[in-house]
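Fold and geometry: a report
One letter stands for each residue in the lines below.
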Amino acid sequence: MRYLTFALAKGRMANKTLEILEKIGYTCEEMKDPKSRKLIFTNEEQKIKIFLSKANDVPTYVEYGAADIGVVGKDTILEEGRKLYEVIDLGIGKCRMCVAGPKEAKKLLENGEIIRVATKYPNIAKDYFYNKKHQTVEIIKLNGSIELAPIVELAEVIVDIVETGSTLRENGLEVLEEICPLSARMVVNQVSMKMENERITKLINDLREVLAHNKE
């Protein structure tokens, strides 16, 4: 039996994912050693390997088959646009992708005016404005605090992840439009789905049961 390899986005999401996997019997004791400097963790008995990576890289590892299965936020899946199967919503890290800005910018959105949009997610912003709203915008990619852009008049609005909205409020901004809900999703390599269909399908079904039980 070959190994099933998992790529998990580093941080809180990975820890929560491991907790869920443990509930369906997938464990990796090696990962619990805080002193470990290993990059890939193995459970020989269950024939699984797990590695952690930057969220943006997870879809790439999965598309190219370096990982059979990945767990990453919906925002990364949409932004990266890789060829893979999105099989299950784990319900971890729920938040929203939104258009935000000062209150007066709402009119610019409603009237379909040409505006500048600052974001870490240019592909998501492009798809939303061009394909859904059919509004011409100039998209400016930023890597740091996106909220700064409207304040210093670099852009009229921003496209960003909103969890509670408190950072927006503190900076005199608000949610103007919601693009889509976000949470952690499990993705599967297209070839792995065929080659390891039985194992992966069982894994997905077991996860569905656990998640359904958690909601009760």
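Preceding block: the structure.
Attention in this report is confined to the structure presented alongside it.

Here is what the cut-offs are and how they apply
- Residues numbered from 1 in each chain as written.
- Predicted model: local features only at pLDDT ≥ 70, side-chain atom pairs only at ≥ 80, totals over all residues.
- Heavy atoms only, no water.
- Salt bridge = Lys/Arg side-chain N within 4 Å of Asp/Glu carboxyl O.
- Helix = DSSP H or I, 4+ residues; strand = E, 2+ residues; numbered from the N terminus.
- Core = buried A, V, L, I, M, F, W, Y, C linked by side-chain atoms within 4.5 Å.
- Buried < 20%, exposed > 50% of the residue type's maximum accessible area, 1.4 Å probe, protein only.
- Contact = heavy atoms within 4.5 Å.
- Phe/Tyr/Trp six-rings, centres within 6.5 Å; stacked < 30°, edge-to-face > 60°.
- Lys NZ or Arg CZ within 6 Å of the ring centre and 35° of its normal.
- Pairing = 2+ DSSP bridges.
- Axes fitted to C-alpha atoms, helices over the stretch in contact; angles between N-to-C directions.
- Expected span 1.5 Å × (residues − 1).
- Arc of directions from axis to C-beta.

Taken as a whole and assessed by the stated rule, the structure comprises 12 salt bridges. One salt bridge in this structure joins arginine 2 and aspartate 68, with 2.9 Å as the shortest N-O distance. Of this pair, arginine 2 sits in the segment before strand 1 (4-9) while aspartate 68 sits in the loop between helix 2 (58-63) and strand 4 (69-73), placing them 66 residues apart in sequence. A salt bridge links arginine 2 to glutamate 196, with the shortest nitrogen-to-oxygen separation between them at 3.4 Å. Linking arginine 2 in the segment before strand 1 with glutamate 196 in the loop between helix 8 (190-195) and helix 9 (197-215), this pair joins segments that are 194 residues apart in sequence.

Judged by nonpolar contacts, the single largest core of 30 residues is most densely connected at Phe6 and Leu203. At the level of elements, strand 1, helix 1 (12-23), strand 3 (48-53), strand 4, strand 5 (85-89), strand 11 (184-188) and helix 9 are the ones that each hand at least two residues to this core. The element that contributes the greatest number of residues to this core is helix 9, accounting for 6 residues. With residues near it in sequence (within four places) discarded, phenylalanine 6 still touches Leu21, Tyr26, Ile48, Lys49, Ile50, Phe51, Ala67, Ile69 and Leu203.

The next thing to look at is the packing of aromatic side chains. For the coordinates displayed, the defined rule picks out 3 aromatic pairs. Taken together, a centroid distance of 6.1 Å and an interplanar angle of 65° make the contact between phenylalanine 6 and tyrosine 26 edge-to-face. Taken together, the residues phenylalanine 6 in strand 1 and tyrosine 26 in the loop between helix 1 and strand 2 (40-43) connect sequence positions 20 residues apart. Assigned by exposure class, phenylalanine 6 and tyrosine 26 land together as buried. Residue placement shows lysine 49 over the ring face of tyrosine 3; its charged tip is 4.5 Å from the ring centre.

The subject of this paragraph is unusual backbone geometry. Residues other than glycine seldom take positive phi values, yet histidine 134 does so here, at roughly 50°. Its location among the elements puts histidine 134 in the loop between helix 5 (122-132) and strand 8 (137-141). Positive phi, close to 60°, is recorded for glutamate 153, a residue that is not glycine. Of note, glutamate 153 is situated in the loop between helix 6 (148-151) and strand 9 (157-162).

Here we take up the sheet that holds strand 2. With mixed pairing, the 6 strands of this open sheet are ordered in space as 2-3-1-4-11-5. Edge strands, defined here as strands with exactly one partner in the open sheet, are strand 2 and strand 5. For this sheet, the mean inter-axis angle between neighbouring strands, taken without regard to orientation, is 25°. Each of strand 1, strand 3, strand 4 and strand 11 is contacted by helix 1, which is oriented at about 140° to strand 1, the strand it contacts most.

Given a rise of 1.5 Å per residue, 12 residues ought to cover 16 Å, and the 17 Å separating the end C-alpha atoms of helix 1 matches this to within 8%. Burial in helix 1 covers these residues: Ala14, Thr17, Leu18, Ile20 and Leu21. Seen end-on, helix 1 carries its buried residues on one side only, within an arc spanning 165°. When the buried face of helix 1 is taken as reference, the exposed residues oriented beyond 90 degrees from it are Arg12 and Lys23. Of the residues trailing helix 1, glycine 25 is marked for its positive phi of about 90°.

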